[in-house]
Amino acid sequence: MIDLLVVGAGPAGLAAARTAGELGLRVVVADENAEAGGQYYRQPGLPGAALDRRQTRGRAVIDAARGVAELRLGCSVVALDPTPTGLRAWLDRDGGLEWLMPRAILLATGAFDTPVAFPGWTLPGVMSAGAAQALVKSQLVRPGRRAVVAGSGPFVFAVADALRHAGVRVAEAVEAATLRGALPHLPSSMRHARRYGELAALVLPLVASGTAIRSGEVVASAQGRDRLEAVRLRPRGRPGAPADANGERVVEADLLCVGYGFSASTELARLAGAAMSVDPGLGQPIPAADAWQAASRPGLFVAGEAAGLGGAAVAEAEGELAAIGAARHLERLDVRAADELASRVRPRLAALRGFAALLPRIFPRPDGLGLLADPATIVCRCENVSLATVLAAVDQGKADSLNELKAATRCGQGWCQGRVCGALLPGVIGARRTGFDGTSQYTARVPVRPVGLAAVVAQLDAIGASEAPSDAGRPTPSPS
Ligand SMILES: Cc1cc2nc3c(=O)[nH]c(=O)nc-3n(C[C@H](O)[C@H](O)[C@H](O)COP(=O)(O)OP(=O)(O)OC[C@H]3O[C@@H](n4cnc5c(N)ncnc54)[C@H](O)[C@@H]3O)c2cc1C
């Protein structure tokens, strides 16, 4: 019997696993990556590779969780399906499907780079900032020789720094925010002066190595014949206005890393039927959570970036709280003991969330990114659908939400299950047409990750064999 299944071994999932394990819960952690750590503690994929400071700390965090919980790595949770006795989780490991009926589930599935579509964004050499970071830190691959990193927020400099360490010449780090826009927020952020020190520790070595630090500009297009040759940048424009095509400039590069914020990974929460609410800061629907990180469905918890963006320290605190909440829900902690434990986490979490709330004000996502694509720009990469096709469907009245667009154009029906186009299309269409539901999402579909046909066939065979009533007290898996 598993008390708690934690989906995701990033900061939130690992903190939850350690806390829940120490409280005596039987915990299984599943993560689709071959290494635990998530985005923040991302570990190298090669045994024996040198670790940086954060990776070394991450190793200790992973070991602490491993001491009290079972870690299943290379293991994707591809479906959650509601049954009369609870949520059943389907796990895909080494091409084989299995299912678990844990007594509680914590979704700590993190976030991914919010994609931005602009002319040339599908050229080889153009990638999300997170992908570039994963290539250098985990795969130990150098993704280019001369890079431009463009985006908003400290992540721009974290990625530029990781590339520099990997031996990539970072020609420019281009931050969309301006010092003038940030000034009004500086006094309230001075309580967190240490964070400015961390930012300076990223920026100064970049400057010393010859990287030009620019602000107030956004990427406009990527140029090249068969792969990236140059990046066109333009002033970001006034708030509420599109980027200004006057004043464009071109920088030669064979690598462009783009990072204009993150989107929460919510597919499993939606599959589980968790109530969602639009996060005002993010403009995206995220699972609603109470003071114990419990979602609307009994026994379902959410923590970390999957429940709203706040950074690694917020994710860890939410993971601890969710574990305490799960122990309370399972009556392994009485209410008083749970309150006492939670009271040690909540003040820290409140302070961390206060800082997290400042970041989007200091580094706001620039307006007008949705207007960068031109009619020929591919907006659904899996199904090769252009912006012109999408807008035609909207103009013909065939689609005023993402699901209708999916039926009309095949957008979102491909390999990534709509993760990429689902995150960018509301902004791209909303910037051009009124009447399109800018908060709509594709209905989450099983499986949320690609599953091999052999695994599906093996399951169908198992269902056939188990059609006789089960005496184990477990529900019989249904073909759905
Ligand atoms: C690409 C990217 C890079 C980032 N880099 C930095 C950085 O350098 N510095 C920084 O301060 N912050 C960074 N962040 C922010 C960072 O996500 C958080 O600070 C922190 O890692 C959040 O922790 P988490 O546990 O919520 O999520 P994550 O660390 O994202 O962990 C989520 C885990 O869930 C797993 N997962 C997701 N879905 C499934 C599934 N269906 N089945 C099994 N496993 C699943 C993922 O493999 C992942 O390991 C980054 C975010 C992203 C998206």
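Our subject is the structure that appears above.
Figured I'd write up the structure that's included with this text. Everything numeric in this text was worked out from a predicted model, so none of it was measured.

### Considerations on the pattern of salt bridges
When charged atoms on two side chains of opposite charge get close, those side chains can pair.
Alright, step 1. All told, the structure shown has 26 salt bridges when counted by the stated rule.
Alright, step 2. One salt bridge connects Arg 449 with Glu 32, and the closest N-O pair in it is separated by 2.7 Å. One end of the pair, Arg 449, is in the loop between α13 (419–430) and α14 (453–465); the other, Glu 32, is in the loop between β2 (27–31) and α2 (53–68), and 417 residues separate them in sequence.
Alright, step 3. Residue Glu 70 is joined to Arg 72 by a salt bridge in which the shortest nitrogen-to-oxygen separation is 2.8 Å.
Alright, step 4. Members of the salt-bridge network, linked through shared partners, are Arg 26, Glu 70, Arg 72 and Glu 98.

### Describing the packing of helix α3 (residues 129–137) against helix α4 (residues 155–165)
Helices that pack against each other are described as a pair by the angle of their axes relative to one another and the distance between those axes.
Alright, step 1. Packing of α3 against α4 leaves a shortest axis separation of 9 Å and a crossing angle of 30°. By the angle class used here, α3 and α4 are roughly parallel. Helix-helix and strand crossings are classified by hand; for α3 and α4 the assignment is left-handed. Along its contact with α3, which presents Ala 129, Gly 130, Ala 132, Gln 133 and Val 136, the element α4 presents Phe 155, Val 159, Ala 162 and Leu 163.
Alright, step 2. The class makeup of the residues in the contact of α3 with α4 is seven nonpolar, two polar and no charged.

### A look at the environment of Arg 214
Alright, step 1. Note on placement: Arg 214 falls in strand β12 (residues 212–215).
Alright, step 2. For Arg 214, a relative accessible area of 36% corresponds to the partly exposed category.
Alright, step 3. A sequence separation of 42 residues divides Arg 214 from Glu 172, and the C-alpha atoms of the two residues are 7.1 Å apart.
Alright, step 4. Apart from the residues lying within four places of it in its own chain, the contact partners of Arg 214 are Glu 172, Ala 173, Val 174, Glu 175 and Arg 249.

### Points about the site of the ligand
Alright, step 1. The immediate surroundings of the ligand are formed by 33 residues, with Asp 31, Gln 39, Gln 133, Glu 305 and Ala 312 found nearest.
Alright, step 2. Asp 31 is positioned with one of its side-chain polar atoms (N or O) 2.6 Å from an oxygen atom of the ligand.
Alright, step 3. Residue Gln 39 places a main-chain N or O atom 2.9 Å away from an oxygen atom belonging to the ligand.
Alright, step 4. Contact with the protein chains removes 92% of the 960 Å² of surface that the ligand exposes when unbound.
Alright, step 5. Listing elements by their share of the shell around the ligand, those giving two or more residues are α1 (11–22), β2, β4 (75–83), β8 (111–113), α3 and α9 (312–329).
Alright, step 6. Residues of the shell around the ligand, tallied by class, amount to 15 nonpolar, twelve polar and six charged.

Cut-offs and rules
Residues numbered from 1 in each chain as written. Predicted model: local features only at pLDDT ≥ 70, side-chain atom pairs only at ≥ 80, totals over all residues. Heavy atoms only, no water. Salt bridge = Lys/Arg side-chain N within 4 Å of Asp/Glu carboxyl O. Helix = DSSP H or I, 4+ residues; strand = E, 2+ residues; numbered from the N terminus. Axes fitted to C-alpha atoms, helices over the stretch in contact; angles between N-to-C directions. Parallel < 35°, antiparallel > 145°, perpendicular 65-115°, else oblique. Left-handed = near helix turned anticlockwise from the far one by under 90°. Contact = heavy atoms within 4.5 Å. Nonpolar A, V, L, I, M, F, W, Y, C, P; charged D, E, K, R; others polar. Buried < 20%, exposed > 50% of the residue type's maximum accessible area, 1.4 Å probe, protein only. Near = heavy atom within 4 Å. Polar contact = N/O pair within 3.5 Å; in protein donor to acceptor, adjacent residues only side chain to side chain. Areas by Shrake-Rupley, 256 points an atom, 1.4 Å probe, with all protein chains shown as cover.

Coordinates in, geometry out; function isn't part of it.
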